[in-house]
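# Reading the structure
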Amino acid sequence: MFLSSVNHSISQKLKLIDSIQRLGVSHHFEHEIGEALEQIHRTISNTITADGDLHFLALLFRLLRQQGYRISSDIFNKFKNDEGKFNEVLATDVKGLCSLYEATHLRAHGEDILDEALDFTYTHLKSLANQLNPSLAAQINHCLRQPLHKRLAWFEARYHITINEEDPSHEETLLTFAKVEFNILQKMHQKEIGNITKWWKNSNFVTKVPYARERVVEPYLFLLAMSYEPQYTYERIIAGKLIFVVSLLDDTYDAYGTIQELELFTKAIQRWDISLIGSLPQCMKVVFDTVVELHDEIEMVTVKSGKSSLVMLPVKQAICSLIKAYMVEAKWCHEGYIPTYDEYKANGILTSVWPLMLTSFLGLGEFATKKFEQQRVHVASAVECCMKQYNISQHEAYNLIHKDVEDCWKVINEECLKPNDIPKFVINCVLNLARTGEFMYEDQEDRYTNGEPLKDCISSLIMDPISIE
């Protein structure tokens, strides 16, 4: 494979790996990338890090950290001056600044040099964006809006294909391969959506549960965010049904049931006892039956694969935890109670759906960010809860929540560097859930509740193929 070629320098291998990952085709080369980075990590020396320029060392640092290698952030000390600050001569090195900015987002707690590097690169890149040509300025602003580490690889692939085309030094074969792969997977994803839509329509929820929202494509984006690779198509279909069931439950607690009905419904789910729902409205009985039927379908699949004993108890527990959390929010709404920020976060982890989705998806084949935005029309938002608990302004509340998010990312990054036997696929799913939170609530906007901002993303990912000339 070209990554193992002795004719490629470390710099060339790093550039190629970076391109493969950005173009969304790394799932074809996981073994080769792993071997190449292991070899690089084994052979890097003080000489290499001492002689390397800013772009090289930042790219080396980011790719090795992504792979789970604990490369020291001290390699960036060489770029500081006698006063312990980053050398201002770096201020015009656009490529180096961008690479360092990307690298800083793999920081863990206690890495002050990366905190300093983040401030330094952000300040200078923001300034440069106002001085450079529009094309380069646009790339810098894209980088500053959200770093690679917090972006969803598949959602970014098309953007990087376009950027790659504009680069005179691009690898034509790799670029063409990425375009073909994108179109092939897009077709597969369209079929998956069709399968889920058919199930929804055959279940006749529009008539049986008239208060339920009918949204197909938007929830499916959550699944693509978690894993887009072709080998997980069946898992996405099952998880897609699960998302719709969660949506039914969400709407039942949010828009339909009375407190008394919801308490009975919650008890029935927790006890898995159909006899308790006899007095409930027919539509709530339909929702209960749907939960049980999907649970049975997942169990049937896992029995065949020999995973039932490992999967079904956690799935049932996750469903019960979600229901319990919905009931807590329903009571808050009913009583007009504004919870504290701590109460909101604790309950928000469960109502975020991530524990349930991660449990079911990984079983078939919330380390999400702690950005808890308002998920019910009548429930106080995280900002309101934060303002109340700490008696602070809205701006101060946003800053505090942002700090919580960044602290959580540092924890995630640290955990990913600890030695363990967890498969890379599992780690990537957890990371992608955190990235989904960043994507869905970018710029403090709830993209899921307000689907309008998702239209371009849906068109790009699912509807419009890439032209191959």
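Refer to the structure printed above.
Residues numbered from 1 in each chain as written. Predicted model: local features only at pLDDT ≥ 70, side-chain atom pairs only at ≥ 80, totals over all residues. Heavy atoms only, no water.

### Quick notes on the overall build of the protein
Of regular secondary structure, the protein possesses 21 helices and 0 strands. Within the protein, the fraction of its 469 residues that count as buried is 52%. Surface exposure of the protein reaches about 21,900 Å², of which carbon and sulfur atoms provide 52%. (Helix = DSSP H or I, 4+ residues; strand = E, 2+ residues; numbered from the N terminus. Buried < 20%, exposed > 50% of the residue type's maximum accessible area, 1.4 Å probe, protein only. Areas by Shrake-Rupley, 256 points an atom, 1.4 Å probe, with all protein chains shown as cover.)

### Some details on helix H13 (residues 259-271)
With 13 residues, H13 should reach 18 Å at 1.5 Å per residue; the first-to-last C-alpha distance of 18 Å fits that figure. Just downstream of H13 lies tryptophan 272, where phi reads positive at about 55°. (Expected span 1.5 Å × (residues − 1).)

### Digging into the packing of helix H1 (residues 10-22) against helix H2 (residues 30-43)
Direction vectors running N to C along H1 and H2 enclose 145°, while the axes themselves pass 11 Å from each other. Crossing geometry of H1 relative to H2 is assigned as left-handed. Judged by residue contacts, Ile10, Lys13, Leu14, Ile17, Ile20 and Gln21 of H1 engage Ile33, Ala36, Leu37, Gln39, Ile40 and Thr43 from H2. Class assignment of the residues belonging to the contact of H1 with H2 gives a composition of 8 nonpolar, 3 polar and 1 charged. (Axes fitted to C-alpha atoms, helices over the stretch in contact; angles between N-to-C directions. Left-handed = near helix turned anticlockwise from the far one by under 90°. Contact = heavy atoms within 4.5 Å. Nonpolar A, V, L, I, M, F, W, Y, C, P; charged D, E, K, R; others polar.)

### Side note on the nonpolar core
Soluble globular proteins tend to pack their nonpolar side chains together in the buried interior. In terms of nonpolar packing, the biggest core is built from 116 residues, with Leu37, Phe76, Phe155 and Phe265 touching the most fellow members. With 11 residues, helix H12 (residues 233-256) is the single largest residue contributor to this core. In this structure, phenylalanine 265 is in contact with Leu249, Tyr253, Leu280, Met284, Val287, Phe288 and Ile323, ignoring residues within four places of it in sequence. (Core = buried A, V, L, I, M, F, W, Y, C linked by side-chain atoms within 4.5 Å.)

### Section: the side chain of asparagine 413
Along the chain, asparagine 413 falls in helix H19 (residues 394-417). At 3.1 Å, the side chain of asparagine 413 and the backbone oxygen of histidine 105 are in polar contact. In this structure the side chain of asparagine 413 is engaged in a polar contact, spanning 2.8 Å, whose partner is the side chain of histidine 149. Beyond its immediate sequence surroundings of up to four residues, asparagine 413 is in contact with His105, Leu106, Arg107 and His149. (Polar contact = N/O pair within 3.5 Å; in protein donor to acceptor, adjacent residues only side chain to side chain.)

### Topic: unusual backbone geometry
Of note in this structure, asparagine 204 is not a glycine but carries a positive phi near 55°. Positionally, asparagine 204 belongs in the loop between helix H9 (172-202) and helix H10 (205-208). A relative accessible area of 33% places asparagine 204 in the partly exposed class. Although it is not a glycine, asparagine 391 adopts a positive phi angle of roughly 55°. Looking at where asparagine 391 falls in the secondary structure, it is placed in the loop between helix H18 (382-390) and H19.

### Things to note about the pattern of salt bridges
Throughout the structure, instances matching the rule amount to 20 salt bridges. The closest approach of N and O atoms between aspartate 18 and arginine 22, which form a salt bridge, is 3.0 Å. Remark: arginine 22 and aspartate 18 occur in helix H1; sequence separation between them is 4 residues, near one turn of the helix. On the basis of relative accessibility, which here comes to 11%, the residue aspartate 18 falls in the buried class. Here lysine 331 ties to glutamate 263 by a salt bridge, and the two come within 4.0 Å at their closest N and O atoms. Pair noted here: lysine 331 is in helix H15 (residues 308-335) and glutamate 263 is in helix H13, with a separation of 68 residues, a long-range link. The exposure class of lysine 331 is partly exposed, given its relative accessible area of 36%. Taking relative accessible area as the criterion, glutamate 263 reaches 38% and is therefore assigned partly exposed. One salt-bridge network, in which partners are shared between bridges, spans Arg107, Asp115, Lys150, Glu406 and Lys410. (Salt bridge = Lys/Arg side-chain N within 4 Å of Asp/Glu carboxyl O.)

### Notes on the packing of aromatic side chains
Within this structure, the stated rule accounts for 15 aromatic pairs. Between the aromatic rings of phenylalanine 155 and phenylalanine 439, the centroid separation amounts to 5.1 Å while the plane-to-plane angle is 85°, which identifies the pairing as edge-to-face. Phenylalanine 439 carries the same exposure label as phenylalanine 155, and that label is buried. Plain terms: the ring middles of tryptophan 332 and tyrosine 337 are 6.2 Å apart, the flat faces sit at 55° to each other, and that makes the pair tilted. (Phe/Tyr/Trp six-rings, centres within 6.5 Å; stacked < 30°, edge-to-face > 60°.)

### Looking at the environment of asparagine 432
Mapped onto the elements, asparagine 432 comes out in helix H20 (residues 424-440). Among all residues touching asparagine 432, those that are not within four sequence positions of it are Leu152, Ala225 and Met226. Of note is the side chain of asparagine 432, whose polar atom sits 3.0 Å from the side chain of arginine 435.

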